[in-house]
Amino acid sequence: MFKIVVGCYEQLVIGYTVNIKKGEDEDLTLTYETSFTDHAQTGCIKCLTSGKSYVAAGSTDETICLYDLNEGKELWILTAVHPSGKLGMSVSPKDGTLRTWNLLTSRSVYVKNIKKESQIEFIRWSPDGKYYISASPKQLNIFELENAECVCECDFDIPVLTIEFLPLNQTQMNRIVVGDNGGNISLYEIPSGKKLLSYKAHENRVKCVSPMVTPEDIILNGTWLVTASSDECVKVWDVSNSELDQEKTPNCLLTIPTGARLTCVTVWPKTEPRLPASTESLDTSESATEKKTAKRRRKRKNSAKRNPS
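Structural notes, computed from the coordinates. Not measured: the values here are computed from a predicted model.

## Points about the sheet that holds strand β13 (residues 131-135)
Part 1: The strand order β12-β13-β14-β15 describes an open sheet built from 4 strands, whose pairing is antiparallel. Among the strands making up the open sheet, the edge pair consists of β12 (122-125) and β15 (149-155). Shown here is a sheet whose adjacent strand axes are inclined to one another by a mean of 20°, direction ignored.
Part 2: Summarising the sheet, β12 and β13 pair through 4 bridges and their orientation is antiparallel. In the sheet register, Phe122 faces β13, and the bridge partner there is Ala135.

Here you go:
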């Protein structure tokens, strides 16, 4: 059992309880029921995120509402945080910079000028912490954390509205899933930027996606994807490795017609990515990051001397 929580233009947060039943022939049947509807905010619900205990909903009324789904209670509070919990990122459209922060010392350890990429709307860390992406609706930029260098750039054919990393699979391959203006879902390999799969998921725009690790008593090492669209439907897809095929659409396990103009979706309880041990020992000390920053500055300075303007 897990819960899907959606937000919509109608200022509502709606929760659905999804039950999973495995038949004798190993076929899965998913059913749902509405678990709650809440109208605590007076603006459009723009974003949702989930943790181990709570779901948070952000609204255009400038409030954030917390929900305790264990107790079924409404409580009363976005940077991209590295899987280690030690680094964070922020983007400033005013000065055109992307900053990496040491969350242990609350100090900025690296600043990147992104004025030419000022349309950036998404920043995401890979589950293993080795890469991060910055993306606009039309372009994807993939960076390696170790050197803070862009290792790949690729353009989207259709404007993208949502991007998330999938949980690490058995092969430890980083993948992102994107939803676009045409109702399509596409999967890309990171860091190569290679498109692995693209299919028509909805009749209208895909507004939000929420990947999840399958319950181990149902499918071991499986990955499902929850999508929310302007067609007012929420769908659950099986995007496990064994199910991916360029020639066919992944299996849709469940469709929920919400009757609402959806803006965002999340899944609870929060499913943790399977992290390799390397992220646990990530060196985020100021000495380490400052050495890397100084090295990059020397490299740029030497390059400028070799190529004077």
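## Regarding the side chain of Ser59
Part 1: Within the element layout of this structure, Ser59 appears in strand β5 (residues 54-59).
Part 2: In terms of polar contacts, Ser59 uses its side chain to reach the backbone carbonyl oxygen of Gly43, at 3.1 Å.
Part 3: Contacts of Ser59, omitting those with residues within four sequence positions, involve Gln41, Gly43, Cys44, Ile45 and Lys46.

## Looking at the pattern of salt bridges
Part 1: Following the criterion strictly, the structure yields 4 salt bridges and no others.
Part 2: Its salt-bridge partner being Lys22, residue Glu26 comes within 3.5 Å of it at the nearest N-O pair.
Part 3: Judged by its relative accessible area of 51%, Glu26 falls in the exposed class.
Part 4: Judged by its relative accessible area of 32%, Lys22 is partly exposed.
Part 5: As a salt-bridge pair, Glu164 and Arg124 come within 3.3 Å of each other at their nearest N and O atoms. With Glu164 in strand β16 (residues 160-165) and Arg124 in strand β12, this pair connects stretches of sequence that are 40 residues apart.
Part 6: Taking relative accessible area as the criterion, Arg124 reaches 22% and is therefore assigned partly exposed.

## What to know about the packing of aromatic side chains
Part 1: Overall, the coordinates contain 7 aromatic pairs when judged by the stated rule.
Part 2: Taken together, a centroid distance of 5.5 Å and an interplanar angle of 65° make the contact between Trp125 and Tyr132 edge-to-face.
Part 3: Taken together, a centroid distance of 5.9 Å and an interplanar angle of 75° make the contact between Phe156 and Tyr188 edge-to-face. Taken together, the residues span a long stretch of sequence, with Phe156 in the loop between β15 and β16 and Tyr188 in strand β18 (residues 184-190) at a distance of 32 residues.
Part 4: Judged by relative accessible area, which is 9%, Phe156 ranks as buried.
Part 5: Ring-pair connections join several aromatic residues into one group, and the members of that group are Trp125, Tyr132 and Phe143.

## What about the sheet that holds β5?
Part 1: In space, the 4 strands of this open sheet follow the order β4-β5-β6-β7, with antiparallel pairing throughout. Sheet topology places β4 (45-50) and β7 (73-75) at the edges, where each strand pairs with a single neighbour. The average undirected angle you get between the axes of adjacent strands in this sheet is 25°.

Cut-offs and rules
- Residues numbered from 1 in each chain as written.
- Predicted model: local features only at pLDDT ≥ 70, side-chain atom pairs only at ≥ 80, totals over all residues.
- Heavy atoms only, no water.
- Pairing = 2+ DSSP bridges.
- Helix = DSSP H or I, 4+ residues; strand = E, 2+ residues; numbered from the N terminus.
- Axes fitted to C-alpha atoms, helices over the stretch in contact; angles between N-to-C directions.
- Polar contact = N/O pair within 3.5 Å; in protein donor to acceptor, adjacent residues only side chain to side chain.
- Contact = heavy atoms within 4.5 Å.
- Salt bridge = Lys/Arg side-chain N within 4 Å of Asp/Glu carboxyl O.
- Buried < 20%, exposed > 50% of the residue type's maximum accessible area, 1.4 Å probe, protein only.
- Phe/Tyr/Trp six-rings, centres within 6.5 Å; stacked < 30°, edge-to-face > 60°.

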